[in-house]
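# Descriptive analysis of the structure
What follows is each chain in one-letter form.
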Amino acid sequence: MQLTNRRKHIEKKPMTLMERAYLPAVTKGMLITLKHFFSKKATIRYPEEQRPFSPTFRGLHVLKRDEQGRERCTACGLCAVACPAEAITMVAGERKKGEENLYREEKYAVSYEINMLRCIFCGLCEEACPKAAVYLQADKMAPPRFERDEFIYGKDRLVEPVDPNARSKRGIQLTPEQAEALARRMAGIEA
């Protein structure tokens, strides 16, 4: 079945000697290759070179310590509830006598794990923490690994070092008192 009776007859023209040799096409291709060869590269040599981070970059998680070197986390579970990817799991425990210099409160996180393969680095865990214990560093990324189980970070990798000089230099971290004062000011503005 034919929809229309209009037709256009096209005659096949014979190719010239240059076209049969494909020289113009090969020359065009080589010019494009040379142009890309001398242009600026889009890639970088990653571990040796790093691109500058954005001011709002959220990187590797860290469990903060207070001024006396004690862990701030009280295992309240708000970070795990706030996590949309369900990447955070924890087990709470009671502080024993003599451990006052290790943990701030009577309750602490015996086990605290973040699955970095599931984490989307949204920062909701950081915002949900009432003790300002969870912090996403602005100057460190999760390093590449070869095995899946190496992406589950426990307290051994997450807890901030006791030495203040070894801690993250970039980013602002509020103390719990500063966070409460900010929350009161924000509540006053909203009312």
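Residues numbered from 1 in each chain as written. Predicted model: local features only at pLDDT ≥ 70, side-chain atom pairs only at ≥ 80, totals over all residues. Heavy atoms only, no water.

## Describing the nonpolar core
Here is the rule we go by: Note on terminology: a nonpolar core comprises buried Ala, Val, Leu, Ile, Met, Phe, Trp, Tyr and Cys residues joined through side-chain atoms within 4.5 Å. For every residue, the accessible area obtained with a 1.4 Å probe (protein chains only) is divided by the maximum for its type, and the residue is called buried under 20%, exposed over 50%, and partly exposed between those limits. Numbering of helices and strands runs from the N terminus, with a helix taken as a DSSP run of H or I at least four residues long and a strand as a DSSP run of E at least two residues long. Two residues form a contact once any of their heavy atoms are found within 4.5 Å.
Grouped together as the largest cluster of nonpolar side chains are 23 residues, with contacts concentrated most on Ile88, Tyr112, Met116 and Val134. When residues of this core are traced back to their parent elements, those giving at least two are strand E3 (107–115) and strand E4 (134–136). Broken down by element, the residue count for this core peaks at three residues, all from E3. Setting aside residues no more than four positions away along its own chain, Val134 makes contact with His61, Val62, Leu63, Cys79, Tyr112, Cys125, Glu126 and Cys129.

## Re the UniProt feature "binding site: [4Fe-4S] cluster 1" (unreviewed entry) in the protein chain
Stated precisely, the cut-off is as follows: UniProt positions are given in the numbering used here, feature names are shortened, and annotations may be inferred rather than shown by experiment.
The residues that UniProt annotates with the feature "binding site: [4Fe-4S] cluster 1" (unreviewed entry) are Cys73, Cys76, Cys79 and Cys129. Look at the named residues: they lie 57 residues apart in sequence, but the longest C-alpha span between them is just 10.3 Å, so in the fold they bunch up. Looking at where Cys73 falls in the secondary structure, it is placed in the loop between strand E1 (61–63) and helix H3 (78–82). The buried category is assigned to Cys73, whose relative accessible area is 11%. In this structure, Cys79 sits in helix H3. Owing to a relative accessible area of 6%, Cys79 belongs among the buried residues under this scheme. Those residues in contact with Cys79 that lie beyond four places of it in its chain are Ile88, Met90, Tyr112, Cys125, Ala128 and Val134.

## Considering the UniProt feature "binding site: [4Fe-4S] cluster 2" (unreviewed entry) in the protein chain
In the UniProt entry, the feature "binding site: [4Fe-4S] cluster 2" (unreviewed entry) is given for Cys83, Cys119, Cys122 and Cys125. Across 43 residues in sequence, these annotated residues keep their C-alpha atoms within 10.4 Å of one another, forming a single compact spot. The topology assignment puts Cys119 in the loop between E3 and helix H4 (124–128). In contact with Cys119, not counting residues within four places along its chain, are His61 and Ala87.

## Topic: the packing of aromatic side chains
The cut-off we apply is this: Aromatic pairing here means that ring centres of Phe, Tyr or Trp (its six-membered ring) are within 6.5 Å. Orientation follows from the plane angle: under 30 degrees is stacked, over 60 is edge-to-face, and everything else is tilted. Sitting over a ring, as applied to charges here, requires NZ of Lys or CZ of Arg to be within 6 Å of the ring centre and within 35 degrees of the ring normal.
Going through the model one piece at a time under the given rule, you end up with three aromatic pairs. Plain terms: the ring middles of Phe53 and Phe57 are 4.5 Å apart, the flat faces sit at 25° to each other, and that makes the pair stacked. The cationic tip of Arg157 hangs over the ring face of Tyr153; the distance from NZ or CZ to the ring centre is 4.6 Å.

## Quick word on the pattern of salt bridges
Heads up, the condition is: For salt bridges, the criterion is a side-chain nitrogen of Lys or Arg within 4 Å of an Asp or Glu carboxyl oxygen.
Counted by the stated rule, this structure contains six salt bridges. Linking Arg72 and Glu67 is a salt bridge whose minimum nitrogen-to-oxygen distance equals 3.8 Å. Among the residues examined, Glu67 registers a relative accessible area of 65% and is labelled exposed. Several salt bridges share partner residues, and in doing so they unite Asp66, Arg70 and Arg104 into one network.

## Topic: the sheet that holds strand E2 (residues 88–94)
Going by this rule: By the convention used here, strands pair only if DSSP detects at least 2 bridges between them.
Reading across the sheet, the three strands line up as E2-E3-E5 and stay open at both edges, with antiparallel pairing between neighbours. In the strand order of this sheet, the two ends are held by E2 and strand E5 (152–153), each with one partner.

## So, unusual backbone geometry
Despite not being glycine, Ala75 shows a phi value in the positive range, around 55°. Among the residues examined, Ala75 registers a relative accessible area of 7% and is labelled buried. Notably, Glu86 is not glycine yet its phi reads approximately 55°, a positive angle. Here Glu86 lies in the loop between H3 and E2.

## Looking at a nonpolar patch on the surface
The condition is simple: Patch membership needs two things, relative accessible area over 30% and no salt bridge, and members are linked within 9 Å if like-charged or within 5 Å if nonpolar (Val, Leu, Ile, Met, Phe, Trp, Tyr). For the area figures, the Shrake-Rupley method with a 1.4 Å probe applies, and any residue is considered shielded solely by the protein chains shown.
A contiguous nonpolar surface patch, about 440 Å² in accessible area, is contributed by Met15, Tyr22, Val26 and Met30. Within the secondary structure, Tyr22 sits in the loop between helix H1 (17–21) and helix H2 (23–38).

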